[in-house]
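Coordinate analysis (summary)
One-letter residues, chain by chain:
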Amino acid sequence: MTFDWLKKPVVQRVGRIAGYVVFGMVVFTIATIVTFPTPKLKSYLENRLSTGGRIVRISDMSLRGLASARLFGVALELPPAQHTLPDGQIETQKRRLALDQVDVSVGLFRLLFGGLSVELTIHDGDGVLGPLRLVRSGGRITASLDTVRDFPIPDELPLFGVRFDGRLQEARIRLDYDEKAGLAESTGDVELKGSGIRAIQPTLRSRAQGNVTLSDASLGALVLEVHLGKRSNMGAFKADRRSPLGDETLVHLARAELDGNDIKALVEGQSTIRLAPGKPLGESQLNLEAAFSFADAFIDRKVKSGAEVRTPNAFLRTLLSMDPRWRNAQSGNYWGVVCTGMLSRPVCNPKKPAIRGGDFKAPPKEEPEVEEPAAPAPTPSAPAPAPRPTPAAPTPRTTAAPAPSTAPLPVIPPSAVPGPAPMLPAPQLTPPPRRDLPPPVETPQIEAPPQVQAAPIDQVNAPMEVRTAPLRPTVIGRARLRGMAAEEEAGDSPAEGEAPSVPGEEE
């Protein structure tokens, strides 16, 4: 038989010993999970993680094996961010991160040999981030993340002093961090895509203008691509000359775009952060060039605070239009800015952007609604094309000039302006006289083209120096209709038997 060797006493003895060992390990694992003092482990983790000014709190936790646990209600409080106001006072801003659930898994085998391998999956609301894998070995820490699904951006964790909210739709992170040399000897790549990004009451800090808090701003979709590494290893700088500082480490902002209804922003592709060996990230040198644009609806937005209605963003229009530096930094509907200096204390100045229209589109301008005039009531007689309004008869020079009309100015299309190209006269049709009215006395009928209503020229506001002269109705770019001018002045009327002059026919 094939399995006769299982009947040997030695094999059976080894099998019984192995069975006892496996059974003991299973019982030990179950007993450990059931009887393990979870509250003490929770307190231990809180104490170990609360270092360097951080405060970590865990509401509850449960074990899912010897090396896996699930944490509920994880709250992280970071040291408050400090900002120096123009008057010398220091403003503090809280930084807090709250997560609904965190699944943690630790690699036991790597832990036994002095290494560390941790896998995190974070749940917050309906969003999921992870698994995020962290491996520590040989003085380096590697991090990798490939999966993000509708994860909310923490709105209590400000970035550069501004709080944001929204959703992360896609993410890819690769980081190889050197524990001894820091970011100066590290490499990494970050790609993020988000939607519904909103800046919560951003504050503009300026020495000249002071601090101004704006209303919430819709930033829309986010696209971010960042690379960390040596300059010589980045394809975007292959054609550049070698830097006098050597092969330095850069944080390259390859792509950063915000496409929102209120604000649009775009970072120029050569923007970098130059890292200095042995120095913290805040002392790195920043060189950033960006373009931005504001929507009119955002600038004119009204915010109600109690019984007061304010327009906190209205000063932006005054600043951008009155300051000559910003006027010179405007290109189309957007402005440019360049920021240099230390990352913790950058200096930003207006500068005409190098970005052109193909790569950047300003927010759509909302066109004002135009009220259309009401249609005239139909007459009992058969419908006929509505004639043009009869122009007022010219008055003698001794009378006062007519008051300017309050009606909106007519819009004259470019095609109606007289030019070198001749225009064919439109067909003319004499409307039938109305039977319900007596015939006019010495007033010729007016010929009008079918279904064409030309705007009365007397509605155009004439310049001040010619308003005292009588208005003479004419049609630009089209032959004058016979019988239009019922009365003319003696000096201007043509001689008997002479045809009136027609604009556009003179050589």
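Residues numbered from 1 in each chain as written. Predicted model: local features only at pLDDT ≥ 70, side-chain atom pairs only at ≥ 80, totals over all residues. Heavy atoms only, no water.

**Digging into the overall build of the protein**
For the protein, the helix and strand inventory stands at six helices and 22 strands. In the protein, which comprises 507 residues, the proportion classed as buried is 25%. Sequence-distant contacts in the protein: of pairs separated by 6 or more residues, those separated by 24 or more amount to 51%. As displayed, the protein offers around 34700 Å² of accessible surface, 58% of which is attributable to carbon and sulfur atoms. (Helix = DSSP H or I, 4+ residues; strand = E, 2+ residues; numbered from the N terminus. Buried < 20%, exposed > 50% of the residue type's maximum accessible area, 1.4 Å probe, protein only. Contact = heavy atoms within 4.5 Å. Areas by Shrake-Rupley, 256 points an atom, 1.4 Å probe, with all protein chains shown as cover.)

**Points about the environment of Ser218**
Residue placement: Ser218 occurs in strand β13 (residues 217-230). On the basis of relative accessibility, which here comes to 23%, the residue Ser218 falls in the partly exposed class. With 20 residues separating them in the primary sequence, Ser218 and Arg198 have C-alpha atoms 4.7 Å apart. Not counting residues up to four positions away in its chain, the partners in contact with Ser218 are Ile197, Gly260, Asn261, Asp262 and Ile263.

**Structural notes on the pattern of salt bridges**
According to the stated counting rule, one finds 23 salt bridges in the structure shown. Between Asp146 and Arg174 there is a salt bridge; the shortest N-O distance is 2.9 Å. Linking Asp146 in the loop between β6 (140-145) and β7 (148-149) with Arg174 in strand β9 (residues 163-178), this pair joins segments that are 28 residues apart in sequence. Using a relative accessible area of 32% as the deciding quantity, one classes Arg174 as partly exposed. The residue Arg274 makes a salt bridge to Glu248 at a minimum N-O spacing of 3.3 Å. (Salt bridge = Lys/Arg side-chain N within 4 Å of Asp/Glu carboxyl O.)

**Side note on the confidence of the model for the protein**
Reading predicted coordinates in detail is not appropriate for stretches of low pLDDT. Overall, the predicted model of the protein reaches an average pLDDT of 74, with 64% of residues at or above 70. Mean pLDDT across the secondary structure elements of the protein bottoms out at strand β11 (residues 203-206), with 76, and peaks at strand β8 (residues 151-152), with 95. Within the model, pLDDT remains below 50 along residues 367-437, and this stretch shows 52 contacts once partners closer than five positions in the same chain are excluded. In this model, residues 452-507 is a region of pLDDT below 50 whose contacts with residues beyond four sequence positions or in other chains number 55 contacts. (pLDDT = per-residue confidence, 0-100.)

**Some details on the environment of Glu191**
Locating Glu191 in the fold gives a position in strand β10 (residues 182-200). When the C-alpha atoms of Glu191 and Ala171 are compared, they prove to be 5.6 Å apart, with 20 residues separating the residues in sequence. In contact with Glu191, not counting residues within four places along its chain, are Glu170, Ala171, Arg172, Leu224 and Glu225.

**Observations regarding the nonpolar core**
Grouped together as the largest cluster of nonpolar side chains are 31 residues, with contacts concentrated most on Leu288, Phe294, Phe298 and Trp326. Contributing elements (two or more residues each) for this core: β10, β13, β14 (249-259), β15 (263-267), β17 (285-294), α4 (296-299), α5 (315-322) and β21 (334-342). If you look at the next biggest cluster of nonpolar residues, it comprises 19 residues, including Met61, Ala69, Val118 and Ile122. (Core = buried A, V, L, I, M, F, W, Y, C linked by side-chain atoms within 4.5 Å.)

**Quick notes on the state of the cysteines**
All told, the structure shown has one disulfide when counted by the stated rule. Covalent S-S linkage joins Cys339 and Cys348, the inter-sulfur distance amounting to 2.1 Å. Because the torsion about its S-S bond is 110°, the bridge between Cys339 and Cys348 counts as right-handed. The class for Cys339 is buried, based on a relative accessible area of 9%. We classify Cys348 as partly exposed; its relative accessible area is 41%. (Disulfide = S-S within 2.5 Å.)

**Things to note about the packing of aromatic side chains**
Inspection of the entire model under this criterion finds four aromatic pairs. Counting every residue linked through ring pairs, the aromatic cluster contains Phe292, Phe294, Phe298, Trp326 and Trp335. (Phe/Tyr/Trp six-rings, centres within 6.5 Å; stacked < 30°, edge-to-face > 60°.)

**With respect to the pairing of β21**
Successive side chains on a regular strand alternate, one facing one side of the sheet and the next facing the other. Pairing between β17 and β21: eight bridges, direction antiparallel. Within the sheet, the bridge partner assigned to Leu288 lies in β21 and is Cys339. As paired elements, strand β20 (residues 330-331) and β21 share two bridges and run antiparallel to each other. Across the sheet, residue Ser331 finds its bridge partner in β21, namely Tyr334. As defined by bridge partners, β21 adjoins strand β22 (residues 346-350) across five bridges and the pair is classed as antiparallel. (Pairing = 2+ DSSP bridges.)

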